[in-house]
Amino acid sequence: MDDHAPRRSIRIHAPEDFAGMRAAGRLVAAALDMIGAHVRPGITTAELDRLCHEFVLDHGARPASLGYQGYAHATCISLNHVVCHGIPGERRLADGDILNIDLAVILDGWHGDSSRMYAVGQAGTRATRLMEVAHEAMMRGIAAIRPGATVGDIGHAIQRHVEAARFSVVREFCGHGLGRVYHDAPNILNYGRPGTGARLRPGMFLTVEPMVNAGRPEVKVLSDGWTAVTRDRSLSAQYEHSVGVTEAGCEIFTLSPG
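The shown structure was predicted, so the numbers you read here are calculated from the model rather than taken from an experiment. (Residues numbered from 1 in each chain as written. Predicted model: local features only at pLDDT ≥ 70, side-chain atom pairs only at ≥ 80, totals over all residues. Heavy atoms only, no water.)

1. With respect to the sheet that holds strand S3 (residues 82-84)
Then step 1. A sheet is described by the order of its strands in space; here 3 strands give the open sequence S3-S12-S11, paired in antiparallel fashion. The open sheet terminates on both sides in strands that have one partner only, identified here as S3 and strand S11 (219-221). Neighbour-to-neighbour, the strand axes of the sheet open up by a mean angle of 40°, direction not taken into account.
Then step 2. Summarising the sheet, S11 and strand S12 (residues 228-230) pair through 3 bridges and their orientation is antiparallel. Bridge pairing in S12 places Val 219 opposite Thr 230. (Pairing = 2+ DSSP bridges. Helix = DSSP H or I, 4+ residues; strand = E, 2+ residues; numbered from the N terminus. Axes fitted to C-alpha atoms, helices over the stretch in contact; angles between N-to-C directions.)

Okay, here's the thing in structure tokens:
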């Protein structure tokens, strides 16, 4: 997502719209639960993508990324120093790899969007710590969501936790609004100052998806036009949930039943 995209109006959804987002979110979470059992040495990322694609179709939905801006897969699978938008292919997983699987579905017109980290066999100590920090950063960002808070409050909570752990936050990519639209206003930056940016209101649907690097924050996009990697080839980790702002705080649509 382009942090400097033109300002768009932020959609406020009705209370009855939450049911559609819950159903789409549950399906994404179930797919990411399912695929975990297949993350093992020797399997290709293309095979993981196929399994996710079939699972989504079998449950009456379709992958949101398939055909989006010309993208040809159901998932993005990002290994090791790939920050995001890794393209599934013939790369076989090896013991010690870490990977992010990012899946979005469209179910009855509603988008569920989530991503999760997986370790292949035994991940190293630093990789494990990186994943823990990225997950906790996401949850702290979500904990900042309530009516009257701002998107800057979310970014600040994420950035403060990541940098206290001596890791770095990627600037070039961010969370976003969603609902019946895949990527919508507002952008949810993973850094920022409290009290700045759009103010949160009940009925907003958002993704919170920090990307955390073990080294420096800079990234570059490869010649395929999709794959973003760390410039210093340090490891990267990301987690993502879809949430809705409620009168009392927020609801996470993509929590795993497991």
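2. Side note on the packing of helix H3 (residues 125-143) against helix H4 (residues 151-164)
Then step 1. Across the interface, H3 lies against H4 with an axial gap of 8 Å and an inter-helix angle of 150°. When the interaxial angle is binned, H3 and H4 end up roughly antiparallel. Here the hand of the crossing between H3 and H4 comes out right-handed. Residues Val 133, Glu 136, Ala 137, Arg 140 and Gly 141 of H3 touch H4, and the partners they reach there are Ile 154, Ala 157, Ile 158, His 161 and Val 162. (Parallel < 35°, antiparallel > 145°, perpendicular 65-115°, else oblique. Left-handed = near helix turned anticlockwise from the far one by under 90°. Contact = heavy atoms within 4.5 Å.)

3. Overview of the pairing of strand S2 (residues 75-79)
Then step 1. The element S2 is largely enclosed, with a buried count of 5 among its 5 residues.
Then step 2. As judged from the 5 bridges shared by S2 and strand S4 (residues 98-107), these two strands associate in the antiparallel manner. Bridge pairing in S4 places Ile 77 opposite Ile 101. (Buried < 20%, exposed > 50% of the residue type's maximum accessible area, 1.4 Å probe, protein only.)

4. Looking at the packing of helix H1 (residues 18-36) against helix H2 (residues 45-58)
Working note: a packed helix pair is described by the angle between its axes plus the distance between those axes.
Then step 1. Direction vectors running N to C along H1 and H2 enclose 140°, while the axes themselves pass 10 Å from each other. What the angle tells us is that H1 and H2 run oblique. Where H1 crosses over H2, the handedness of that crossing is right-handed. Listed contacts from H2 to Leu 27, Ala 30, Ala 31, Met 34 and Ile 35 of H1 are Leu 48, Leu 51, Cys 52 and Phe 55.
Then step 2. When the residues that make up the contact of H1 with H2 are grouped by side-chain class, the tally is 9 nonpolar, no polar and no charged. (Nonpolar A, V, L, I, M, F, W, Y, C, P; charged D, E, K, R; others polar.)

5. A few points about the pattern of salt bridges
Then step 1. For the structure on display, the rule yields 10 salt bridges.
Then step 2. Salt-bridge contacts for Glu 132 lead to Arg 129; the nearest nitrogen and oxygen are separated by 4.0 Å. Linking Glu 132 with Arg 129, this pair stays in helix H3, spanning 3 residues, or about one helical turn.
Then step 3. Classification of Glu 132 as partly exposed rests on a relative accessible area of 45%.
Then step 4. The salt bridge involving Arg 140 is made with Glu 136; its shortest N-O contact spans 2.9 Å. (Salt bridge = Lys/Arg side-chain N within 4 Å of Asp/Glu carboxyl O.)

6. Structural notes on empty space enclosed by the protein
Then step 1. Within the structure shown, the criterion is met by 1 cavity of 30 Å³ or more.
Then step 2. In this structure, the largest cavity is lined by Ile 10, Arg 11, His 13, Gly 177, Leu 178, Asp 184, Ala 185, Pro 186, Met 204, Phe 205 and Leu 206.
Then step 3. If you list the elements that add at least two residues to the lining of the largest cavity, you get strand S8 (184-188) and strand S9 (205-208).
Then step 4. For the lining of the largest cavity, the element with the highest residue contribution is S8, accounting for 3 residues.
Then step 5. A breakdown of the residues in the lining of the largest cavity according to their chemical character gives 7 nonpolar, 2 polar and 2 charged. (1 Å grid on protein atoms, 1.4 Å probe; cavity = no way out; pocket = protein on both sides within 12 Å on 5 of 7 lines; lining within 4 Å. Points joined across faces, edges and corners; volume = space filled by probe spheres on them.)

7. Concerning the nonpolar core
Then step 1. In terms of nonpolar packing, the biggest core is built from 33 residues, with Ile 145, Ile 154, Val 162, Phe 167, Leu 200 and Leu 206 touching the most fellow members.
Then step 2. Elements represented by at least two residues in this core include exactly H3, H4, S9 and strand S14 (241-245).
Then step 3. Considering each element in turn, this core owes the most residues, 8 residues, to H3.
Then step 4. With residues up to four places along the chain from it excluded, the contact list for Leu 200 reads Ile 145, Arg 146, Pro 147, Gly 148, Ala 149, Thr 150, Val 151, Ile 154, Leu 206 and Val 245.
Then step 5. Residues Phe 18, Phe 55, Val 105 and Tyr 118 belong to the second largest nonpolar core, which totals 30 residues. (Core = buried A, V, L, I, M, F, W, Y, C linked by side-chain atoms within 4.5 Å.)

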